[in-house]
Amino acid sequence: MSIFLTYLITGITSGAIYALMALALVVVFRSSSTINFAQGEFALFCCYIAWWLTTKGWPIAAALVVAMAVGFIMGVLAERFLVRPVRRRNEVATLIVGIGLFTALNGADGWIWGPADKTFPQLLPDGARDYVNIAGARLHYDSIGILLSLIVVVGVLMLLFQKTPLGLQMRAVATNPESSALSGVKVGRVLSASWGISAAIGAFAGVLLIPVLPPNQLDLSSFFNILIMASAAALFGGLDSVKGAVVGGLGLGVAESMLNGYVTFLGGSLQLTIALMLIVIVLVFKPTGVFGARRIERV
Amino acid sequence: MTATSSLEDDSIKPSMETSAPSRWPSRAKRRKDPIIVERGSKAHLGMITIGLIMAVGVITMGAGAGQFQQSQLTQVMIFAIAIVGLNIATGYTGLVSVGHSAFFGLGAYTTGILIVNYGWFPLQTIPVALVVCFIAGLIVGLPSIRIRGLYLAIVTLAFGVAFPEIINRFQSLTGGAFGLTIRMRQLAPPGWTGYGVNEEGKWLYWLSLVVLIVVMVVAHNLVRNRWGLALMATRDHEIAASSCGVNVAVVKTVAFGVSGALAGVGGSLFAMYLGSLVANDSFTLLLAISLLTGLVIGGEGTRFGPILGGLAVVYVPYYTSSWGQGESAAVIFGALLIILVFVAPEGITGAAFRLIHRWVRVVPRTPQPFVRPDQPSHLPLKKGTVA
């Protein structure tokens, strides 16, 4: 039983991380109907900023705030100057811009800070004794912290979407950009804001997850796998559903942990293949995702 | 990007291009009219001959080059082969693949395993790599029937990222993270070439060249026949294509299969070139992005773009390796991708052809009415006769 609980806790912790990144993808998709391929690299860049500030003696909490601000600005600038001009052309152009950003940011991180791995400071307590004992399984404080942050982010997003004028405008733009423009919504500004918010969420998630997820260090390929996992989680929820992203992320995390724990012939090394399978199955059998709104395309 | 990328295929829609000057009469007056060259005329044949002579010149220069320069050229050709493959899916059919490193790697590992574990000759493994990667391409392309654009890109991205993991999983066959080493002796040129064991570089240069030419001819014929038209129609407007009788599902899947197969042939040669395969180093996501960058730089949906792309993929990292802690190539590639989307969506080849079209324009030959010698010229042509 305690082993099962341990697997469950591990799964939920990594699942919460995937869910956080998936939420970042969802926020972009909800307003602009594209996937930001560079989402992970935005987060990576912000993590490097946070790491760099901590080496200058900043406390990690302050560095986190700065990283989120940098993320927000990056998101806004990328949307305004790179994505918006090509969006009307076609989907492939947007995709290529995303891949370009991906490569350029990844290279820029290496250029500025060097390709060697970085030890990242802890934001959450993770000492050997920092845990709660639940039926023999250890629930570490950093797991609790990550779950709490997921709940906070979901709560804030829900409030944003449901209770604020900006959220209302975002939903309007997502449903019909032309009509909302005619009703006086500044569509461009809403799009920029959603990209900014998404990148800020990514930065927040990144700073939290780097010390928790193996190999517990900051390196240039940290976010490749997380992006795939987050895409799988977001696709599971149909890319436009906050609920779906959370359920998808947690489910993926738990499934991964259970498979690694109990189905030993997989050898604990095929996480990405599992995510790939999930992506293909969801897309082939239920392209709108399990929680997604059915999209009707006009020919 | 897709609409302009068929600039090179001037014979397909000549009416649109020739009508262009009339839309801006003032500009057309200022500029001299382009020289019109008919396809198949003497001038056209002359242009082709000059091109061929230049190509032969470059090839002989490469053959006489030093060992290092020659191996770089071999690498250029290997990447060009893979990019020709990518071009079929991404350039002509509009299926963006961010995972072609996996096909490239699959071809390389097929060759490597057959040589190391089963003692095959290197040349024999190329067709096997082709078939294996064709089947893998069909399987990966299957989701493209139902999903489009961004979604397919995610699937291919996941495939590309997952590939090293799968290779490492089957360690007994692939050597896993330790890599698979092919011995020099096993890569020796076959006896009929007259090359010794230590002249493997030269042998590989010629082999890559021959394969590149074959692959380019195949790709050329593929995109210029009705099948290629079906590819481009699917890219430009899927629904319109299917209503014209194109079986979109078959076209997309097979295009992806062919694309994967050609990339696999490139990978097969790459295994011979490299001699030791480590999936975590050689066949990562960054390779997939390099291939895609090469394609976009060279020009999507152009026939000569892949060669320029291969040059870029090899020489840009080589000449910039001293800057930015070895990471500058990624920045340059990323920046180039973004700049090209804004400035020249049709890539360098497309932009060059657009420029050349100002001065020289190749048009299809005007159809001559075929008149039998005994047919009185005043009679109207009968239905069914060629006119």
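Calculation rules
Residues numbered from 1 in each chain as written. Chains lettered and ligands numbered in written order. Predicted model: local features only at pLDDT ≥ 70, side-chain atom pairs only at ≥ 80, totals over all residues. Heavy atoms only, no water. Helix = DSSP H or I, 4+ residues; strand = E, 2+ residues; numbered from the N terminus. Rg over C-alpha atoms; globule rule 2.2 N^0.38 Å. Contact = heavy atoms within 4.5 Å. Areas by Shrake-Rupley, 256 points an atom, 1.4 Å probe, with all protein chains shown as cover. Lys, Arg positive; Asp, Glu negative; His and termini not counted. Charge placed at Lys NZ, Arg CZ, Asp CG, Glu CD. Buried < 20%, exposed > 50% of the residue type's maximum accessible area, 1.4 Å probe, protein only. Axes fitted to C-alpha atoms, helices over the stretch in contact; angles between N-to-C directions. Parallel < 35°, antiparallel > 145°, perpendicular 65-115°, else oblique. Left-handed = near helix turned anticlockwise from the far one by under 90°. Nonpolar A, V, L, I, M, F, W, Y, C, P; charged D, E, K, R; others polar. Phe/Tyr/Trp six-rings, centres within 6.5 Å; stacked < 30°, edge-to-face > 60°. Polar contact = N/O pair within 3.5 Å; in protein donor to acceptor, adjacent residues only side chain to side chain. Salt bridge = Lys/Arg side-chain N within 4 Å of Asp/Glu carboxyl O. Buried area = accessible area lost by both parts, 1.4 Å probe. Patch = residues over 30% accessible without salt bridge, like charges linked within 9 Å, V, L, I, M, F, W, Y side chains within 5 Å. Core = buried A, V, L, I, M, F, W, Y, C linked by side-chain atoms within 4.5 Å. pLDDT = per-residue confidence, 0-100. Expected span 1.5 Å × (residues − 1).

(A) The overall build of chain A, seen in detail. The secondary structure content of chain A amounts to eleven helices and four strands. The globule rule puts the C-alpha radius of gyration for 299 residues at 19 Å, and the 19 Å found for chain A is close to it. When the backbone C-alpha atoms are referred to their principal axes, chain A occupies close to 60 × 50 × 35 Å. Look at the contacts in chain A between residues 6 or more apart in sequence, and 75% of them connect residues 24 or more apart. Accessible surface for chain A amounts to roughly 12600 Å². Of this, 67% is attributable to carbon and sulfur atoms. Chain A carries 19 positive and 13 negative side-chain charges, and their two centres are separated by 12 Å.

(B) Local environment of the environment of Gln217(A). Residues and elements named next belong to chain A. Considering the arrangement of structural elements, one finds glutamine 217 in strand β4 (residues 217-218). We classify glutamine 217 as partly exposed; its relative accessible area is 27%. For the pair formed by glutamine 217 and aspartate 117, sequence separation is 100 residues and the distance between their alpha carbons is 6.3 Å. Discounting residues that sit within four places of it in the chain, glutamine 217 has contacts with Asp117, Lys118, Thr119, Ile210 and Ser222.

(C) Summary view of the packing of helix α9 (residues 222-236) of chain A against helix α8 (residues 149-169) of chain B. At a minimum axis separation of 10 Å, α9(A) and α8(B) run at an interaxial angle of 140 degrees. Regarding the angle of α9(A) to α8(B), the classification is oblique. α8(B) is crossed by α9(A), and the crossing has left-handed handedness. For the pair formed by α9(A) and α8(B), the contact residues are Asn225(A), Leu227(A), Ile228(A), Ser231(A) and Leu235(A) on the first element and Tyr151(B), Ile154(B), Leu157(B), Ala158(B) and Val161(B) on the second. Tallied by class, residues from the contact of α9(A) with α8(B) come to eight nonpolar, two polar and no charged.

(D) Quick look at the environment of Thr181(B). Residue and element names in this part refer to chain B. Tracing the backbone shows threonine 181 in strand β2 (residues 180-181). Placed 99 residues apart in sequence, threonine 181 and alanine 82 show a C-alpha to C-alpha distance of 22 Å. In this view, threonine 181 contacts Val116, Gly275 and Ser276; residues no more than four positions away in its chain are not counted.

(E) Focus on the packing of aromatic side chains. All names here are of chain B. All chains considered together, the criterion is met by 18 aromatic pairs over all chains. Seen in terms of ring centroids, tyrosine 205 and tryptophan 206 are 5.4 Å apart; in terms of plane orientation they differ by 80 degrees. Their pairing is edge-to-face. Using a relative accessible area of 3% as the deciding quantity, one classes tyrosine 205 as buried. We classify tryptophan 206 as partly exposed; its relative accessible area is 34%. Ring geometry for tyrosine 315 against tyrosine 319: centres 6.1 Å apart, planes inclined by 20 degrees, an arrangement best described as stacked.

(F) Summary view of helix α11 (residues 226-236) of chain B. Residues and elements named next belong to chain B. Residues of α11 that are buried: Gly228, Ala230, Leu231, Met232, Thr234 and Arg235. Buried residues in α11 make contact with α5 (67-92), α10 (200-224), α12 (238-243) and α13 (248-274). Measuring from the side-chain oxygen of the N-cap residue of α11 to the backbone nitrogen of tryptophan 227 gives 2.9 Å; that N-cap residue is asparagine 225.

(G) Region of the structure containing the pattern of salt bridges. Residue and element names in this part refer to chain B. Inspection of every chain in the model, using the stated rule, returns four salt bridges over all chains. One salt bridge in this structure joins aspartate 236 and arginine 235, with 3.0 Å as the shortest N-O distance. According to the relative accessible area criterion, aspartate 236 is partly exposed, its value standing at 44%. Glutamate 238 serves as the salt-bridge partner of lysine 252, at 3.2 Å between the closest nitrogen and oxygen.

(H) Fine view of the interface of chain B and chain A. Counting from both sides, the interface comprises 43 residues of chain B and, opposite them, 56 residues of chain A. Taken over both partners, the interface formed by chain B and chain A buries close to 4300 Å², and the fraction arising from carbon and sulfur atoms is 78%. Counting the contacts that link chain B with chain A gives zero salt bridges. For the pair chain B and chain A, the number of links is two residue pairs in polar contact (both at pLDDT 80 or more). At the level of secondary structure, the elements contributing two or more residues to the side of chain B that touches chain A comprise α8, α15 (285-298) and α17 (328-343) of chain B. Of the residues in the side of chain B that touches chain A, the class split is 31 nonpolar, six polar and six charged.

(I) Structural detail: the packing of helix α16 (residues 305-319) of chain B against α17(B). Residues and elements named next belong to chain B. The contact between α16 and α17 brings their axes to 9 Å, and the two run at 135 degrees. The angle between the axes of α16 and α17 places the two elements in the oblique class. Helix-helix and strand crossings are classified by hand; for α16 and α17 the assignment is right-handed. Taken together, the residues of α17 that come into contact with α16 (itself represented by Ala312, Val313, Val316 and Pro317) are Ala329, Ile332 and Phe333. Of the residues contributing to the contact of α16 with α17, the split by class is seven nonpolar, no polar and no charged.

(J) A nonpolar patch on the surface, seen in detail. Residue and element names in this part refer to chain A. Residues Phe72, Ile73, Leu77 and Phe81 make up a contiguous nonpolar surface patch of about 390 Å² in total accessible area. Among the structural elements, phenylalanine 72 can be located in helix α3 (residues 60-87). On the accessibility criterion, phenylalanine 72 (34% relative accessible area) is partly exposed.

(K) Expanded view of the nonpolar core. Counting 190 residues, the largest nonpolar core has Leu23(A), Phe120(A), Leu209(A), Phe223(A), Ile279(A), Tyr109(B) and Phe283(B) as its most contacted members. Counting residues per element, this core draws most heavily on helix α1 (residues 2-32) of chain A, which supplies 14 residues. Other than its neighbours up to four places away in sequence, Phe223(A) contacts Met21(A), Gly40(A), Glu41(A), Ala43(A), Leu44(A), Cys47(A), Gly206(A), Leu209(A) and Ile210(A).

(L) Region of interest: the confidence of the model for chain B. Residues and elements named next belong to chain B. Here chain B averages 83 in pLDDT, and 86% of its residues register 70 or above. Under a pLDDT of 50 for its full length, residues 1-22 has, in the predicted model, 46 contacts with residues more than four places off or in other chains. Overall fold confidence for the complex sits at a pTM of 0.85, while the interface term, ipTM, reaches 0.84.

(M) Highlighting α1(A). Residue and element names in this part refer to chain A. Taking 1.5 Å per residue as the helical rise, α1 with its 31 residues ought to reach 45 Å, and the 44 Å between its terminal C-alpha atoms agrees with that figure. Most of α1 sits inside the fold, with 22 of its 31 residues counted as buried. At the exit of α1 stands serine 33, carrying a positive phi of roughly 55 degrees.

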